[in-house]
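Architecture at a glance
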Amino acid sequence: WLSALRFDNLALRSLPVDASEDSGPRVVPGACFSRVRPSPLQNPRLVAMSLPALALLGLEVPAADREAAEAEAALYFSGNRLPAGSEPAAHCYCGHQFGSFAGQLGDGAAMYLGEVLGPRGERWEIQLKGAGLTPFSRQADGRKVLRSSIREFLCSEAMFHLGIPTTRAGTCVTSDSRVVRDIFYDGNPKNERCTVVLRIASTFIRFGSFEIFKPTDEHTGRKGPSVDRNDIRIQMLDYVIGTFYPEIQEAYPDNSIQRNAAFFKEITRRTARLVAEWQCVGFCHGVLNTDNMSIVGLTIDYGPFGFMDRYDPEHICNGSDNTGRYAYNKQPEICKWNLGKLAEALVPELPLEISELILEEEYDAEFEKHYLQKMRKKLGLIQLELEEDRKLVSELLETMHLTGGDFTNIFYLLSSFSVDSNPSELEDFLEKLTSQCASVEELKVAFKPQMDPRQLSMMLMLAQSNPQLFALIGTKANINKELERIEQFSKLQQLTAADLLSRNKRHWKEWLEKYRARLQKEIESVGDADAWNTDHMKVMNSNNPKYILRNYIAQNAIEAAENGDFSEVRNVLKLLENPFQEAEGFREVREDAEEEGATATAAACAQETRSRLPYCSKPPLWASELCVT
């Protein structure tokens, strides 16, 4: 059935390919791609496949012999055999990682197989991620493991079905080949199964692709491999704009500066809208380096991502982001910073004074506009656009923060709020809302001090006596955060569950009165209140998901798969294909039956002593121990 794939590898015809076929780690000057070969895996077998994603490539799984189809997918999408017409290659790019220029990076584990023409003539680049060594693997082995591959596979598809621009995932194939990984960088390595994900996108070119021309960086001393090759920069701009922004190419056929400015304006707007979408579903990317930013405005490279559970604007999903550079509330400004680095990389083909002006004029305005439009939909404000809406949204988020509300479930519940509710119905609704707020136990876990008191005391003394040395080993923001955590934790020792419930109900009642008044204005502005209510519900129900890929749901699927049971991965995939609807037959996931699970390590998740819990539930206490790096 894979013989249906029709390849037409335009990127390799349009951009320079490295003459050397040496697959060892090396600098690759003067080229955008290097030819490579996937390394075979032992006994590859299919974990799961996304039929909607494969359909983009014109592939339909034959119903008559599903088992043979899965075996064929495992053989070809592990890299053990190459489809006819494919031309494996690894893409060269650079990047600013955590704010510092890192020099040459490139596809260290991913391989371009080629571009497949879809049934409607559209072009899809397909990649194998985890297929072995490339010239860009540096000290690594070019492999990915089951754990990270399942997360990328599921989240790529989850984001698409949430309506957020993203790369796709067609298959996830594991094997009996193993590599050693130190998951938490704590000296406890373990053997893990090599696994490959088939990734699909219009292109995987990213901001960092244009940074290969960067001269020596004054801070890191690193440079791109293709300094002074402006001819390649021109080739790349011609290819990217002509292929992925054809309307811009057509509008400015004879003026490259105007064309490049229009391209930069469009990628600025797309990026702003993308981040607004992330913020509205509580998605944190985790590693927003310039090499993880798509040149066509897609969510790309799913690593230590996370969907926020309890609303915390400073939520950090990446356990190795020690300074919180990529925290939830910093994503908009970081993406703007990354666009600034792209602007630098386009000089001299787009002068910086032009691109900087575009960035200042377009980005913030586009982000705010799209964010508020999306939030209005999430609140069912479909008739009027009032200036007060911005305040209503910020007060909602503040109430969520004060009460430890579950971001996804609170929004989902609001669709059942009635403007006409009587006091008894309001009380019932408040009960539902407060059940989605953090308990005293959950808050104690969230605000548990992270520093040893002696360490904190030493850091405070150092900040006073030797600010220069303190600046090297700590930040004032981190110390202040720890002091706040200690203060909150101390207050929680005195707080009873009844006091917390009473306080939470008060906060929510205050906000609901404002929400009710705003909805009343909607109703007063229309002739048919019943028709408005139908549309109001429809819009809310299509913008507030019931199901997201919470870390604990992914963890349960991963642990089952590591024990040879792929059914949970497939169940979760099916669930995430319809995130806005109540799913029949998908009511439960595992939860710790024992309260001590709250303080157990993430490894304890594998215990069989778990009761069952709805997939849409806020996380069990043990989930707070999960750490993704």
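Along each chain, residues carry numbers from 1 onward, in the same order as the chain's sequence is written. Thresholds applied to this predicted model are a pLDDT of at least 70 for local features of residues and 80 or more for the giving and counting of side-chain atom pairs; totals over whole chains, interfaces and linings are not thresholded and use all residues. The basis for every side-chain value is the complete set of heavy atoms in the structure, and neither hydrogens nor water enter the calculation.

Brief notes about the overall build of the protein
- For the purposes of this entry, the term helix denotes a DSSP run of H or I that reaches at least four residues, the term strand denotes a run of E that reaches at least two, and both are numbered from the N terminus. Per the secondary structure count, the protein includes 20 helices and 14 strands.
- Radius of gyration (C-alpha) of the protein: 25 Å, near the 25 Å computed for a compact globule of 629 residues.
- Taken over the C-alpha atoms alone, the protein extends approximately 75 × 65 × 55 Å along its principal axes.
- Only protein chains enter the accessibility calculation, which uses a 1.4 Å probe; a residue is then buried when its area is under 20% of its type maximum, exposed when over 50%, and partly exposed in between. Here the protein holds 629 residues, and the buried ones make up 55% of them.
- In the protein, the proportion of contacts linking residues at least 24 apart, taken out of those at least 6 apart, comes to 73%.
- When the accessible surface of the protein is summed, it comes to about 27000 Å², and 50% of that surface belongs to carbon and sulfur atoms.
- In this tally, Lys and Arg are treated as positive and Asp and Glu as negative; His is ignored, and so are the chain termini. For this purpose, a charge sits on NZ of Lys, CZ of Arg, CG of Asp or CD of Glu. When the 71 positive and 90 negative side-chain charges of the protein are each reduced to one mean point, those points stand 2 Å apart. The atom set for the radius of gyration is the C-alpha atoms, and the globule formula is 2.2 Å times the number of residues raised to the power 0.38. Any two residues whose heavy atoms approach within 4.5 Å at even a single point are treated as in contact. Methods summary: accessible areas were calculated by the Shrake-Rupley approach with a probe of 1.4 Å, and residue burial reflects only the protein chains presented.

Points about the domain arrangement of the protein
- An automatic or database domain assignment is the source of the domain bounds shown. You can read the domains of the protein as domain 1 (2-235), domain 2 (258-376) and domain 3 (390-544).
- On a C-alpha basis, the centroid separation for the pair domain 1 and domain 3 is 39 Å.

Some details on empty space enclosed by the protein
- Cavities and pockets were defined on a 1 Å grid built over protein atoms only: a cavity is a set of grid points that admits a 1.4 Å probe from which the probe cannot escape, a pocket is an open set flanked by protein on both sides within 12 Å along at least five of seven lines, and lining residues are those with an atom within 4 Å of any such point. Grid points are joined across faces, edges and corners, and a volume is the space filled by probe spheres set on the points. What the rule picks out here adds up to 2 cavities of 30 Å³ or more.
- If you add up the space inside the largest cavity, you get close to 50 Å³.
- Along the walls of the largest cavity sit Thr-271, Leu-274, Trp-278, His-285, Asn-292, Met-293, Ser-294, Gly-297, Leu-298, Thr-299 and Ile-300, which together make up its complete lining.
- Here the term charged refers only to Asp, Glu, Lys and Arg, the term nonpolar to Ala, Val, Leu, Ile, Met, Phe, Trp, Tyr, Cys and Pro, and the term polar to all other amino acids, Gly among them. The class makeup of the residues in the lining of the largest cavity is 5 nonpolar, 6 polar and no charged.
- Size it by volume and the second largest cavity reaches roughly 40 Å³.
- At the level of secondary structure, the elements contributing two or more residues to the lining of the second largest cavity comprise α7 (256-281) and α11 (407-414).
- Here the lining of the second largest cavity takes 3 residues from α11, the largest share from any one element.
- Partitioned by chemical class, the residues of the lining of the second largest cavity number 5 nonpolar, 1 polar and 1 charged.

Observations concerning the pattern of salt bridges
- Throughout this description, the term salt bridge denotes a Lys or Arg side-chain nitrogen within 4 Å of a carboxyl oxygen of Asp or Glu. Enumeration over the complete set of coordinates arrives at 51 salt bridges.
- Among the salt bridges present, the one from Glu-70 reaches Arg-570, with a minimum N-O distance of 3.5 Å. Taken together, the positions of Glu-70 in helix α3 (residues 66-76) and Arg-570 in helix α20 (residues 567-576) put the pair 500 residues apart, joining distant regions of the chain.
- Look at the salt bridges and you will find they share partners, linking Lys-129, Glu-152, Arg-199, Arg-206 and Asp-301 into a network.

Here's the deal with the packing of aromatic side chains
- Think of it this way: a Phe, Tyr or Trp ring, Trp meaning its six-membered ring, pairs with another when their centres are within 6.5 Å, and the plane angle makes it stacked under 30 degrees, edge-to-face over 60, tilted otherwise. According to the stated counting rule, one finds 18 aromatic pairs in the structure shown.
- Note on Phe-283 and Phe-305: the rings are 6.2 Å apart at their centroids and 25 degrees apart in plane angle, and the pair reads as stacked. Of this pair, Phe-283 sits in strand β11 (residues 283-284) while Phe-305 sits in the loop between β11 and β12 (306-307), and the two are 22 residues apart along the sequence. Residue Phe-283 shares its accessibility class with Phe-305, and that shared class is buried.
- Relative to Phe-411, the ring of Phe-407 has its centre 5.2 Å away and its plane inclined at 70 degrees; by these criteria the two rings are edge-to-face. Taken together, the residues span about one helical turn, with Phe-407 and Phe-411 both in helix α11 at a distance of 4 residues.
- The class of Phe-411 is buried, set by a relative accessible area of 1%.
- Site record: aromatic cluster; members linked through ring pairs are Trp-278, Phe-283, Tyr-302, Phe-305 and Phe-307.
- Two conditions define a charge located above a ring, namely a distance within 6 Å from the ring centre to NZ of Lys or CZ of Arg, and an angle within 35 degrees of the ring normal. Seen from the ring of Phe-101, Lys-214 lies directly overhead, with NZ or CZ sitting 5.4 Å from the centre.
- Lying across the ring of Phe-447, Arg-310 places its NZ or CZ 5.7 Å from the centre.

A word on the packing of helix α5 (residues 230-244) against α7
- Put simply, α5 and α7 touch, their axes get as near as 11 Å, and they point 65 degrees apart. Of the two elements, α5 crosses α7, and the hand of that crossing is left-handed. Where α5 abuts α7, its residues Leu-237, Asp-238, Val-240, Ile-241 and Phe-244 lie against Arg-259, Asn-260, Phe-263 and Arg-270.
- Classifying every residue of the contact of α5 with α7 by side-chain character gives 5 nonpolar, 1 polar and 3 charged. Axis angles are defined between N-to-C directions and span 0 to 180 degrees, where every axis is a line fitted to C-alpha atoms and, for a helix, only to the segment in contact. Handedness of a crossing is defined here by the sense of rotation of the near helix relative to the far one, left-handed for an anticlockwise turn of less than a right angle and right-handed for a clockwise turn.

Examining the pairing of strand β5 (residues 100-104)
- Among the 5 residues of β5, 4 are classified as buried, and the element is accordingly described as predominantly covered.
- The pairing criterion for strands is at least two bridges between them, as found by DSSP. Inspection of the sheet shows strand β4 (residues 94-97) paired to β5 by 3 bridges, in the antiparallel sense. Across the sheet, Cys-94 pairs through a bridge with Gln-104, a residue of β5.
- In this antiparallel pair of consecutive strands, β4 and β5, the connection spans 2 residues, and Phe-98 shows a positive phi of 50 degrees.

Thoughts on helix α9 (residues 352-378)
- Its 27 residues give α9 an end-to-end C-alpha distance of 38 Å, which sits within 8% of 39 Å, the value for a rise of 1.5 Å per residue.
- One fitted axis covers the seven residues ending at a residue, a second covers the seven starting there, and the bend at that residue is the angle between these axes. Maximal helix bending in α9 amounts to about 25 degrees, located at Leu-359.
- Just past α9, the residue Gly-380 takes up positive phi, approximately 70 degrees. A helix's residues, less one, multiplied by 1.5 Å, set its expected span.

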